[in-house]
Number of protein chains: 2
Amino acid sequence: MPADPATRRPARNTRRRILDTTLALYNALGEPNVSTTLIAAEVGISAGNLHYHFRKKDQLIGALLEQFIVDIEQLMPPDSWRAKDVEESWFLLHIIFETIWKYRFLFRDLSGIMSRDRRAGHRLSGVFNRAVATCRGICLGLAETDQLEATSAEIEALAHNLAVLTLYWLSFDTVRHPRRDEAGESIAQGVYQVLMLVAPFMRPVGRANIEYLATQYLTKQPGR
Amino acid sequence: MPADPATRRPARNTRRRILDTTLALYNALGEPNVSTTLIAAEVGISAGNLHYHFRKKDQLIGALLEQFIVDIEQLMPPDSWRAKDVEESWFLLHIIFETIWKYRFLFRDLSGIMSRDRRAGHRLSGVFNRAVATCRGICLGLAETDQLEATSAEIEALAHNLAVLTLYWLSFDTVRHPRRDEAGESIAQGVYQVLMLVAPFMRPVGRANIEYLATQYLTKQPGR
DNA sequence: GTCTATATAGGGATAGAC
DNA sequence: GTCTATCCCTATATAGAC
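**Student:** Is there a simple way to think about the overall build of chain A in this case?
**Tutor:** Along the backbone of chain A there are ten helices and zero strands. The order of α-helices and β-strands along chain A, N terminus first, is α-α-α-α-α-α-α-α-α-α. Projected onto its principal axes, the C-alpha positions of chain A cover 65 × 40 × 40 Å. In chain A, buried positions account for 50% of the 224 residues. Taking contacts inside chain A between residues at least 6 apart in sequence as the whole, the part at least 24 apart equals 71%. On chain A, roughly 10700 Å² of surface is accessible, and the fraction owed to carbon and sulfur atoms is 55%. Counting 27 positive and 25 negative side-chain charges, chain A places the centres of these two groups 9 Å from one another.

Below, the structure is given as structure tokens:
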């Protein structure tokens, strides 16, 4: 750590700073509304310098998408994974919600991203499929330990519904309550909705537990 | 109907033709990727003429959004409405799915539309709220006729989940199966998913019926 | 690595003739 | 109502000095 006497600022990781502020701007204003000029200004560097680090605007989106995929794949267990209990499952969904929120700008135009960059599109379908697999793992885990009762067709349908809800709840809620900049409430209700989706398939004892958890989440938010 | 001898083409309803091809282009390529120049070319008129009919690009989106809202609000019954039976409900959801598909470009960046035009945003939240209300009407209708059994908290949660699923299923499915240009399969599976969402709350007899309906929908599609 | 200055393109929008 | 021609602006991207 070379200590230039207070002259030069961090500067080492300009790339990181660029990505961080870009992510913030994209989330706040939407990617199409953010120009490279604005990013440069916000980071406090010149447009030319920005271009040195990312030659094309697409590379910014690409890098952030890559970041997202790394983050989310790290969270999602392998396809063979099975949930042990309810708590583990909801904790998992909760942090997935948070990751989605962190990169929410991506979810504003998924098909746009996919059409611009075919490879990216392929990665994204992959993430979606893994989301379904994760939800399936939750259902199967609970079923195999006799906490949940459902036919395999029901489980399959439930897994898909869980995935849709998890991936799109925040978008849905944003439309109903625009200009919200903190996710707390929204995530809490999202988890609640997920719990209520699974509840009807739970056996009595587990169901009581899940409904208890649900009300816990519900009280986190002032009202609907 | 003045019959100019084969010289002038329909021309009367240029406005309609513009809107129709714009909708088609937006759906196919995504609104941000379609320039006014392209629209004019596709319609077979000049850019200047296009501008005569719609002074700003936003007015194109605005007009199509208005069309969508009119269409969808015509479909959605008033808040006091209650479903009579399962068939009526799924028919309703089915045509809502079709309308969403028809205007799917809007759903590619809802928050973008909302941030550009505040008034439009308000209209959209309204539609979403009405979607929830419609779903609520389905659940309450089935509950009041003893076909469905659920607490009011469960119904409330179910209504929201139904709305999310209905509004976002097609987006979800598009990510998993990009470059699909006809909606048949996708809608069929969407309806199936919706049915499976409600099934666990149905009383035995109704449940048999709903599961029968569900398999009907399922066979419409080759495989998952 | 970072800056300043500049090139280039494309899209939205306009003016005025027909 | 429709066309042609053109303007203007903004955003991306580049070149070259420090």
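**Student:** Explanation requested: the protein's contact with DNA strand C in the structure shown.
**Tutor:** Ser46(A), His53(A), Thr36(B), His51(B) and Lys57(B) are the nearest of the 16 residues found near DNA strand C. Ser46(A) places a main-chain nitrogen or oxygen 2.8 Å from a phosphate oxygen of DNA strand C. In this structure, a phosphate oxygen belonging to DNA strand C sits 2.9 Å away from a main-chain N or O atom of Lys57(B). Looking at the surface near DNA strand C, the elements with two or more residues in it are helix H3 (47-53) of chain A together with helix H3 (47-53) of chain B. Across the surface near DNA strand C, the residue classes break down as three nonpolar, ten polar and three charged.

**Student:** Explain the pattern of salt bridges to me, please; I cannot follow it from the model alone.
**Tutor:** Side chains that carry opposite charge are capable of pairing whenever their charged atoms lie near each other. Applying the stated rule across the entire model yields 32 salt bridges over all chains. Between Glu66(A) and Arg123(A) there is a salt bridge, with the nearest N and O atoms lying 3.0 Å from each other. Of the two residues, Glu66(A) is situated in helix H4 (residues 57-75) and Arg123(A) in helix H7 (residues 118-144); the sequence distance between them amounts to 57 residues. You can call Arg123(A) partly exposed: its relative accessible area is 25%. The salt bridge involving Glu185(B) is made with Arg180(B); its shortest N-O contact spans 3.5 Å. Residue Glu185(B) is classed as partly exposed on the basis of its relative accessible area, which comes to 27%. For Arg180(B), a relative accessible area of 25% translates into the label partly exposed. Through salt bridges with shared partners, one network takes in Glu31(A), Lys57(A) and Arg116(A).

**Student:** What is the right way to look at helix H2 (residues 36-43) of chain B in this model?
**Tutor:** The periodicity of an α-helix, 3.6 residues per turn, causes residues three or four positions apart to be oriented the same way. Residues and elements named next belong to chain B. Residues of H2 that are buried include every one of Ile39, Ala40 and Val43, and no others. Axial view of H2: buried residues confined to an arc of 95 degrees, hence all on one face. Exposed residues lying more than 90 degrees from the buried face of H2 are Thr37 and Ala41. If you follow the buried residues of H2, they end up packed against helix H1 (14-29), H3 and helix H4 (57-75). Immediately downstream of H2, the backbone of Gly44 shows phi near 90 degrees, a positive value.

**Student:** Explanation requested: the packing of aromatic side chains in the structure shown.
**Tutor:** The description of an aromatic ring pair uses the distance of the two centres, along with the angle that the planes make with each other. Summed over the entire model, instances satisfying the criterion amount to 13 aromatic pairs over all chains. Between the aromatic rings of Tyr168(A) and Tyr168(B), the centroid separation amounts to 5.1 Å while the plane-to-plane angle is 20 degrees, which identifies the pairing as stacked. In this pair, Tyr168(A) is assigned in helix H8 (residues 152-176) and Tyr168(B) in helix H8 (residues 152-176), connecting two distinct chains. Looking at Tyr168(B), the relative accessible area reads 3%, which means it is buried. With a centroid separation of 5.0 Å and an interplanar angle of 55 degrees, the aromatic rings of Tyr26(B) and Phe105(B) are classed as tilted. Of this pair, Tyr26(B) sits in helix H1 while Phe105(B) sits in the loop between helix H5 (86-102) and helix H6 (110-116); the two residues are 79 residues apart in sequence, bridging distant segments of the chain. Tyr26(B) gets classed as buried once you look at its relative accessible area, which sits at 0%. Feature note: the residues Phe128(A), Tyr168(A), Trp169(A), Phe172(A), Phe128(B), Tyr168(B), Trp169(B) and Phe172(B) constitute an aromatic cluster, connected by ring pairs.

**Student:** Would you explain the protein's contact with DNA strand D in this entry?
**Tutor:** Neighbouring residues of DNA strand D: 17 residues in total, closest Thr36(A), His51(A), Ser46(B), Asn49(B) and His53(B). At the protein interface, 77% of the atoms of DNA strand D within 4 Å belong to sugar or phosphate. One of the side-chain nitrogen or oxygen atoms of Thr14(B) is found 3.0 Å away from a phosphate oxygen of DNA strand D. Within the residue set of the surface near DNA strand D, elements represented by two or more residues are helix H2 (36-43) of chain A together with H3 of chain B. Residue contributions to the surface near DNA strand D peak at four residues, all from H3(B). Looking at the surface near DNA strand D residue by residue, the classes come out as four nonpolar, ten polar and three charged.

**Student:** What exactly am I supposed to notice about unusual backbone geometry here?
**Tutor:** Backbone geometry follows two general trends: most residues other than glycine have a negative phi, and most peptide bonds adopt the trans configuration. Not every positive phi belongs to a glycine, and Arg179(A) is a case in point at roughly 45 degrees. Overall, the relative accessible area of 70% leaves Arg179(A) in the exposed class. Despite not being glycine, Asp146(B) shows a phi value in the positive range, around 60 degrees. Mapping Asp146(B) onto the fold places it in the loop between helix H7 (118-144) and H8. Using a relative accessible area of 52% as the deciding quantity, one classes Asp146(B) as exposed.

Criteria and thresholds
Residues numbered from 1 in each chain as written. Chains lettered and ligands numbered in written order. Predicted model: local features only at pLDDT ≥ 70, side-chain atom pairs only at ≥ 80, totals over all residues. Heavy atoms only, no water. Helix = DSSP H or I, 4+ residues; strand = E, 2+ residues; numbered from the N terminus. Buried < 20%, exposed > 50% of the residue type's maximum accessible area, 1.4 Å probe, protein only. Contact = heavy atoms within 4.5 Å. Areas by Shrake-Rupley, 256 points an atom, 1.4 Å probe, with all protein chains shown as cover. Lys, Arg positive; Asp, Glu negative; His and termini not counted. Charge placed at Lys NZ, Arg CZ, Asp CG, Glu CD. Near = heavy atom within 4 Å. Polar contact = N/O pair within 3.5 Å; in protein donor to acceptor, adjacent residues only side chain to side chain. Nonpolar A, V, L, I, M, F, W, Y, C, P; charged D, E, K, R; others polar. Salt bridge = Lys/Arg side-chain N within 4 Å of Asp/Glu carboxyl O. Arc of directions from axis to C-beta. Phe/Tyr/Trp six-rings, centres within 6.5 Å; stacked < 30°, edge-to-face > 60°.

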